[in-house]
Amino acid sequence: MTPGQRIHFLSDFHLGVPDAASSLAREKRICAFLDEAAKDAAEIILLGDLFDFWFEWKKAVPRGHVRLLGKLAELTDRGIPVHLFIGNHDMWIFDYVPKETGVIVHREPIVRELAGKRFYIGHGDGLGPGDHGYKFIKGVFRNPVCQWLFARLHPNFALWLGDALSGQSRKKSYENDRRWLGADKEWLVQYCRELLKKERFDYLVFGHRHLPIDMEIAPGSRYVNLGDWISYFTYATFDGKELMLMKRVSDGPLSGDVRITGGPAA
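First, a word on scope: everything that follows refers to the structure included in this document.

What counts, and at which threshold
- Residues numbered from 1 in each chain as written.
- Predicted model: local features only at pLDDT ≥ 70, side-chain atom pairs only at ≥ 80, totals over all residues.
- Heavy atoms only, no water.
- Helix = DSSP H or I, 4+ residues; strand = E, 2+ residues; numbered from the N terminus.
- Rg over C-alpha atoms; globule rule 2.2 N^0.38 Å.
- Contact = heavy atoms within 4.5 Å.
- Phe/Tyr/Trp six-rings, centres within 6.5 Å; stacked < 30°, edge-to-face > 60°.
- Buried < 20%, exposed > 50% of the residue type's maximum accessible area, 1.4 Å probe, protein only.
- Pairing = 2+ DSSP bridges.
- Axes fitted to C-alpha atoms, helices over the stretch in contact; angles between N-to-C directions.
- Arc of directions from axis to C-beta.
- Patch = residues over 30% accessible without salt bridge, like charges linked within 9 Å, V, L, I, M, F, W, Y side chains within 5 Å.
- Areas by Shrake-Rupley, 256 points an atom, 1.4 Å probe, with all protein chains shown as cover.
- Salt bridge = Lys/Arg side-chain N within 4 Å of Asp/Glu carboxyl O.
- Polar contact = N/O pair within 3.5 Å; in protein donor to acceptor, adjacent residues only side chain to side chain.
- Core = buried A, V, L, I, M, F, W, Y, C linked by side-chain atoms within 4.5 Å.

For the rest of this paragraph, the subject is the overall build of the protein chain. The number of helices and strands found in the protein chain is seven helices and 12 strands. For the protein chain, whose C-alpha radius of gyration is 18 Å, the value lies close to the compact-globule estimate of 18 Å for 266 residues. Reported as C-alpha extents along the three principal axes, the dimensions of the protein chain are approximately 50 × 40 × 30 Å. Of the contacts formed within the protein chain by residues at least 6 apart in sequence, a portion of 65% connects residues at least 24 apart.

Next comes the structure, spelled out in structure tokens:
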């Protein structure tokens, strides 16, 4: 990073829901943010669930989302590195998205040192104790044989089925997504605490949870969840000294956005 540059983190767009009109409005707002972020971006890091459902066949992909895909290609064409962590709703991104847009894909959490600060970064699904049913399903969905079998379905039927299953998953978790469950019941908090027993991190950054969270979980270590772009329109930005969780309040300059502090956002 050079002086004046920032690294921007955002997550959980879930493009495609609840309907085409609201999804398009959200996509335009995200692209407007990326235009502003590009003005000082050393990197842009996307922590998954860009789409509510996604699957790539050898010669076909889902319709729509062309504004976002084009914007990502524009950013990487300009030399801005864009990292994409695969989420649980778009885990079937294979080679089309990285080849067409130039994003760098990560399928597991990674450790990075940025401007002397240690970061642990990932989407956040399937981490920590509990949620054994999802962990089993995730293993099935990531199985190459299961992926090959799904690819044999006609895209019209496969996308209908995928959208239906994705919608059921989202409705099941919606109440928890908007409620702080308490540190002892938050799986990612527990995961971070166990991780910090082994090594130190300044920031542990995730998506997936949908609730904007910025809390100190050990001396000098902060757990930051990015929230989403459905209800909260939140993101994080790192200026080389501090990671700040921010709320987007307009489509104007990022300097007008509001910082979120003091633990989980209400």
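There's plenty left to go through after this.
The full count for this structure, using the stated rule, is 24 aromatic pairs. Taking 4.8 Å as the distance between ring centres and 65° as the angle between the ring planes, the aromatic pair formed by Phe 55 and Trp 57 counts as edge-to-face. With respect to class, Phe 55 is no different from Trp 57; both count as buried. Where Tyr 191 meets Phe 206, the ring centres are 6.5 Å apart and the plane angle is 75°; that geometry is what we call edge-to-face. Highlighted residues: Tyr 191 in helix H7 (residues 187-196) and Phe 206 in strand E7 (residues 203-206), separated in sequence by 15 residues.

Right, let's get into the sheet that holds strand E8 (residues 212-218). In a beta sheet, neighbouring strands are held together by backbone hydrogen bonds and run either parallel or antiparallel to one another. Spatial ordering of the open sheet is given by E5-E6-E7-E9-E8, a layout of five strands whose pairing is mixed. Each end of this open sheet is capped by a strand with a single partner; those strands are strand E5 (110-114) and E8. Across the sheet, the mean angle from the axis of one strand to that of its neighbour is 20°, orientation sign disregarded. Judged from the six bridges that link them, E8 and strand E9 (residues 221-226) form a sheet pairing that is antiparallel. Counted as the bridge partner of Glu 216 is Arg 222 from E9.

We now examine unusual backbone geometry. In this structure, Pro 18 follows Val 17 across a cis peptide bond, with omega equal to -5°. Looking at the secondary structure, you find Pro 18 in the loop between strand E1 (6-10) and helix H1 (20-37). Backbone geometry places His 14, a non-glycine residue, at a positive phi of 50°. Phi at Ala 115 takes a positive value of approximately 50°, unusual for a residue other than glycine. Overall, the relative accessible area of 49% leaves Ala 115 in the partly exposed class.

This part takes up H7. Buried residues of H7: Leu 188, Val 189, Tyr 191, Cys 192, Leu 195 and Leu 196, and no others. The buried residues of H7 occupy an angular sector of 160° when the element is viewed end-on, so they sit on one face. Residues of H7 that are buried make contact with strand E6 (117-122), E7, E8 and E9.

Let us look at a nonpolar patch on the surface. Taken together, the side chains of Phe 136, Ile 137 and Phe 141 present a nonpolar region at the surface, about 280 Å² in accessible area. By the secondary structure assignment, Phe 136 is in helix H4 (residues 132-142).

Attention now moves to helix H5 (residues 144-151). Considered for burial, the residues of H5 that qualify are Gln 147, Phe 150 and Ala 151. Projected down its long axis, H5 shows its buried positions confined to an angular sector of 100°, all on one face. Of the exposed residues in H5, the ones pointing more than 90 degrees away from its buried face are Val 145 and Trp 148. Between the side-chain oxygen of the N-cap and the backbone nitrogen of Val 145 there are 2.8 Å, and the N-cap of H5 in question is Asn 143.

Attention now goes to the nonpolar core. Among the nonpolar cores identified, the biggest contains 39 residues, and Phe 13, Ile 44, Leu 46, Leu 68 and Leu 72 are the most heavily contacted of them. Secondary structure elements with two or more residues in this core: H1, strand E2 (41-46), helix H2 (66-77), strand E3 (82-85), H5 and strand E11 (243-247).

Counting through the fold element by element, Asn 88 comes out in the loop between E3 and helix H3 (96-101). According to the relative accessible area criterion, Asn 88 is buried, its value standing at 16%. Taking the C-alpha atoms as reference points, Asn 88 and Phe 141, 53 residues apart in sequence, are found 9.4 Å from one another. A polar atom in the side chain of Asn 88 sits 2.9 Å from the side chain of His 123.

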